[in-house]
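Chain by chain, the residues run as shown.
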Amino acid sequence: MPRAGQVKSSGERLSDRIAIGVLTRTFSPELIDEVLALTGRVQQRSRLLPSRVVVYFVLAMCLFFGQGYEEVLRLLTQGLPGQRRWEGAWRVPTSAAIWKARARVGVEPFRALFDRVCRPVATADTAGAFYRRWRLIAVDGTTFDIPDTDSNVDHFGRPGSARGDGRAAYPQARMAVLVECGTHAVFAAAIGPLATHERVLTLDLLPALSPGMLLLADRGFPGYDLWQAACATGADLLWRTRTSSRLPVDAQLPDGSYLSNIASTADHYRRQHAITVRVVEYTIDGSDTVYRLITTILDHTAAPAEDLAALYAQRWEVESTLDELKTHQGGPGMILRSQHPLGVEQELYGLLLSHHAIRTLMHHAAASAEHDPDRMSFTRTLNIVRRQITAQAAFSPQQTHPRDHHDAG
């Protein structure tokens, strides 16, 4: 059985050199210090692992998933003895010391860093990121296997299983995300226990929506309350709904779509507080499955039914993004390494932050070459980042002060 932080099956040998240049470019030392001060996590005395170093360590740990604690720290500090700015003796802390440092820093700086930096990155010139005046956004959720400890089980819960004693091997944490379809940038995330439905977590994502966005969602999300709350953000919606949903035809439109309305369960028959929606129904060649979409875009000339049917396929970009996080960045069959709930949340934010740094780099590279960032290889970019020379990104683990910011890599 694999240890936490490893994969269930892997023959891959990771590079023995790491560069966090892509991380420090996205999350500058000054920004790290700012969020540490904002969240009250600046160390009160000189330590072997200052808080800033711990933040970069967690980001690098998630960039090189599967490496042990001590090995990741060796990779981060490799090359320091040859740099004039660092002359003091320093030893690699033990895994226990690194875990204590992670616990001391906590999850709050990572939440703050995510809220500060992780935004949609596409510009008006980014290929595939917009449809007419709308930025394409998708929502979805996933689960992560986490170590089988009492605290993780108590907080997150464990799924059932059809085998053995009816219990899965690992407890799981649930996460819902908002993703920019054209760049795969995750810009909102909510983490909770396995028993918390994706629709509930999605409510925490809604403040990240704004007018000019078109939110795509699969048929697991529609519901009167969530639809009403998402509409209130000013964003437009294009969600798939079940074919069994009651959607009376109020007005037939020239493009084959029609106006209808949705109501809450309590108002199902009287429909006094129904919300007007537009319905698009279509099939795909070679399949009898009927796809039924509902949208807030009521004007068929602003977004014809045929266009909306084609746009819905963009929802799969969020699936690809989650696959990048779990399969490519983490590794097939990944199990997070954190033994306690706050560490699990910290680690998940570390995954999201390092992924955002890579996707931002890919967007800049695509813009320079006038390519579609969605057509670039995430795996190849990840491998390039992992192969960068350590000396380009090595930073001092010693205590730093404001006047030293220009020396912090």
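Here, every reference points to the structure presented above.
Note that the structure is a prediction, hence the values are computed from the model and not measured. (Residues numbered from 1 in each chain as written. Predicted model: local features only at pLDDT ≥ 70, side-chain atom pairs only at ≥ 80, totals over all residues. Heavy atoms only, no water.)

Novice: How would you summarise unusual backbone geometry if you had to cite specific residues and measurements?
Specialist: Although it is not a glycine, Arg 132 adopts a positive phi angle of roughly 50°. Relative to the helices and strands, Arg 132 resides in the loop between strand E1 (130–131) and strand E2 (134–145). (Helix = DSSP H or I, 4+ residues; strand = E, 2+ residues; numbered from the N terminus.)

Novice: I'd love a proper account of the environment of Arg 174, names of residues and values included.
Specialist: Relative to the helices and strands, Arg 174 is located in strand E3 (residues 172–180). Overall, Arg 174 belongs to the buried group, its relative accessible area being 16%. Expressed as a C-alpha distance, the spacing of Arg 174 and Ala 190, which sit 16 residues apart in the sequence, is 8.4 Å. Here Arg 174 is in contact with Thr 142, Thr 143, Ala 190, Ile 191, Gly 192, Pro 193, Leu 194, Thr 196, His 197, Glu 198 and Leu 201, once residues within four sequence places are set aside. Within the local environment of Arg 174, its side chain forms a polar contact with the backbone oxygen of Leu 194, the two atoms lying 2.9 Å apart. For Arg 174, the side chain forms a polar contact with the main-chain oxygen of Thr 196, separated by 2.9 Å. (Buried < 20%, exposed > 50% of the residue type's maximum accessible area, 1.4 Å probe, protein only. Contact = heavy atoms within 4.5 Å. Polar contact = N/O pair within 3.5 Å; in protein donor to acceptor, adjacent residues only side chain to side chain.)

Novice: Please provide a residue-by-residue account of helix H12 (residues 341–369), values included.
Specialist: If you check H12, its first and last C-alpha atoms are 42 Å apart, about what 29 residues at 1.5 Å a residue would give, namely 42 Å. With 22 of 29 residues buried, H12 is to be regarded as a mostly interior element. Positive backbone phi, approximately 55°, marks Glu 370, located one or two places after H12. (Expected span 1.5 Å × (residues − 1).)

Novice: If you had to explain helix H10 (residues 305–312) to someone new, which residues and values would you point to?
Specialist: Buried residues of H10: Ala 305, Leu 308, Ala 309, Leu 311 and Tyr 312, and no others. One side of H10 holds all its buried residues, which, seen down the axis, span an arc of 160°. Counted as exposed and oriented over 90 degrees from the buried face of H10: Glu 306 and Ala 310. Residues of H10 that are buried sit in contact with E1, E2, strand E5 (213–217), strand E6 (236–241), strand E9 (275–283) and strand E10 (290–295). (Arc of directions from axis to C-beta.)

Novice: I'd love a proper account of the packing of aromatic side chains, names of residues and values included.
Specialist: For the structure shown, the criterion picks out five aromatic pairs. Taking the centre distance of 5.3 Å and the plane angle of 15° together, the rings of Tyr 282 and Tyr 291 count as stacked. The same class applies to Tyr 282 and to Tyr 291, which are both buried. One cation-aromatic arrangement involves Lys 326 over Phe 144; the distance from NZ or CZ to the ring centre is 5.2 Å. Across the ring face of Phe 65, the terminal group of Arg 337 is positioned such that the distance to the ring centre comes to 5.6 Å. (Phe/Tyr/Trp six-rings, centres within 6.5 Å; stacked < 30°, edge-to-face > 60°. Lys NZ or Arg CZ within 6 Å of the ring centre and 35° of its normal.)

Don't take any of this as a statement about function, it's just geometry.
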